[in-house]
Amino acid sequence: MSLRKFISNKSIAALAVILSAFASTSAFAQAAAAEAAKKPVDMGPIYKSAIFYAMAFLLLCLFIAIIGKALKVYELTREAQDKPKGINWNTVNGVLFALFLIVGLYGVYWEYTVHGKMILPEAASEHGKKIDQMFNITLILTTIVFIVTHILLFTFSYFYRYTNKRKAYYYPHNNTIERIWTIVPALVLTVLVLMGFLTWRSIFYKIEDPNNKPISIEVTSSQFAWAIRYSGPDGVVGTKNFKLINSVNALGIDFKDKNTLDDQSADEMVIPVNKPVRLILTSKDVIHSFYMPHFRVQLNTVPGMTSYFEFTPTITTEEMKAKTNDPTFKYLFLCNKICGDGHYKMQKEVKVVSMAEYEAWLKEQPTYLTDDLRKEFNLPVTPAAVTAPADTAAKDTSAVKTKQLALNN
């Protein structure tokens, strides 16, 4: 064999790769052993590196390729010796299909029993129950179809694998089967679509009860924070204008609108149980996604457009702690749109409390209109700020009079 053929031979190349990998592994093992004599080896950084998994994947591919080449050589050798084929690949493929079916069905069972426990607890809002019901119906139907179709697919592949003893039957068309697998899925999908449409209408088209008006809360998204504004005693959230945004007026509130004067700001969202809440969603910069997973609420916040979502919470925070057996449980709202490198920071706590607790909490929240904003927009300063110096002056005057009387005596 010439040197050129020797170098280009695939078996020799594969052997060289194996020897190189073995030598590298041996050297790495010797170095690790020598280092271990001094101190324990920390393999954590190695397991976290992408190179480790890339090399492991390449070695696995190499191992499979070597096995394949060895089998190919085995088959060619038997063919050159006029011997019958040693491996019936049709049978091998059929058995693999059957094994894959068993493993796949177990995987479905494992997903339901293991990952199924990781799903969210029951919905904490009225409309959330309808969404969960629709989701469960869809999941059950698709799971049944998935299991039945795959059992048929892999079972047919096993039982009707090629053999020399059987001739394939030519079966080009069947109108009855065509009608069944066209009409049945069409009917099922029609029911699911109608269910979703009716659920959507019940969420977004509600008749307001004059005796139970919703609480209005405005939530403004920006990179990378949320700003919460409550409507105040008048029950109306005032207007704003992006042209008014500056270092003092971060939201661009238009204080010419009298409804803005009593609006309140908050660092967290606190809402009363069994009371409708009307969310007013806006964005200052890019598209974000307002997401309250436990209440089944999600709606994009789009710059230049105001979106609305109304829901009614049904389970308080304390009740959900008991239901989930988790004393640290918290409701959250967060951004469900990858809006930049600080996306992960966009979350705030939501507390669902009784009406009495909500009213007590609301009284403690400051108004959005501060004294700095009053000066910025030439509005009257709060009475407390005006009367404070007068009170101080009065106290100073009385103190001086007291001192003078003492001196006279």
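What counts and how
Residues numbered from 1 in each chain as written. Predicted model: local features only at pLDDT ≥ 70, side-chain atom pairs only at ≥ 80, totals over all residues. Heavy atoms only, no water. pLDDT = per-residue confidence, 0-100. Helix = DSSP H or I, 4+ residues; strand = E, 2+ residues; numbered from the N terminus. Pairing = 2+ DSSP bridges. Axes fitted to C-alpha atoms, helices over the stretch in contact; angles between N-to-C directions. Patch = residues over 30% accessible without salt bridge, like charges linked within 9 Å, V, L, I, M, F, W, Y side chains within 5 Å. Areas by Shrake-Rupley, 256 points an atom, 1.4 Å probe, with all protein chains shown as cover. Salt bridge = Lys/Arg side-chain N within 4 Å of Asp/Glu carboxyl O. Phe/Tyr/Trp six-rings, centres within 6.5 Å; stacked < 30°, edge-to-face > 60°. Buried < 20%, exposed > 50% of the residue type's maximum accessible area, 1.4 Å probe, protein only.

## Looking at the confidence of the model for the protein chain
And then number 1: With 82% of its residues at a pLDDT of at least 70, the protein chain reaches an overall mean of 83.
And then number 2: Per-element mean pLDDT across the protein chain ranges from 42 in helix α11 (residues 383-408) up to 96 in strand β4 (residues 269-272).

## Quick word on the sheet that holds strand β8 (residues 307-311)
And then number 1: With respect to topology, five strands assemble into an open sheet ordered β3-β2-β1-β5-β8, the strand pairing being mixed. Each of the sheet's edge strands pairs with one partner strand only, and the pair in question is β3 (264-266) and β8. The sheet shows a mean angle of 25° between the axes of neighbouring strands, taken without regard to direction.
And then number 2: As paired elements, strand β1 (residues 215-222) and strand β2 (residues 225-230) share six bridges and run antiparallel to each other. Paired with Glu 218 across the two strands is Arg 229, which belongs to β2.

## Section: the sheet that holds strand β10 (residues 347-353)
And then number 1: Overall, mixed pairing links the five strands, which are arranged β4-β10-β9-β6-β7 in an open sheet. Each edge of the open sheet is held by one strand with a lone partner, namely β4 and β7 (297-301). For this sheet, the mean inter-axis angle between neighbouring strands, taken without regard to orientation, is 20°.
And then number 2: Where strand β6 (residues 288-292) meets strand β9 (residues 331-335), two bridges bridge the pair, whose relative direction is antiparallel. Across the sheet, the residue bridging to Tyr 291 is Leu 334, located in β9.

## Some thoughts on a nonpolar patch on the surface
And then number 1: A cluster of nonpolar side chains, namely Ile 140, Ile 144, Val 148, Leu 152, Phe 156, Phe 159 and Tyr 160, defines an oily patch on the protein surface of about 760 Å² accessible area.
And then number 2: Following the sequence through the fold, Ile 140 ends up in helix α6 (residues 126-159).

## Comments concerning the packing of aromatic side chains
And then number 1: In this structure the tally under the stated criterion is 20 aromatic pairs.
And then number 2: With a centroid separation of 5.3 Å and 75° between ring planes, the pair formed by Phe 204 and Phe 309 is classed as edge-to-face. Remark: Phe 309 occurs in strand β8 and Phe 204 occurs in helix α7 (residues 175-204); sequence separation between them is 105 residues.
And then number 3: Take Phe 309: its relative accessible area is 4%, and that puts it in the buried class.
And then number 4: Relative to Phe 333, the ring of Phe 290 lies with its centre 5.0 Å away and its plane at 35°, an arrangement referred to as tilted. With a gap of 43 residues between them, Phe 290 in strand β6 and Phe 333 in strand β9 connect regions that are remote in the sequence.

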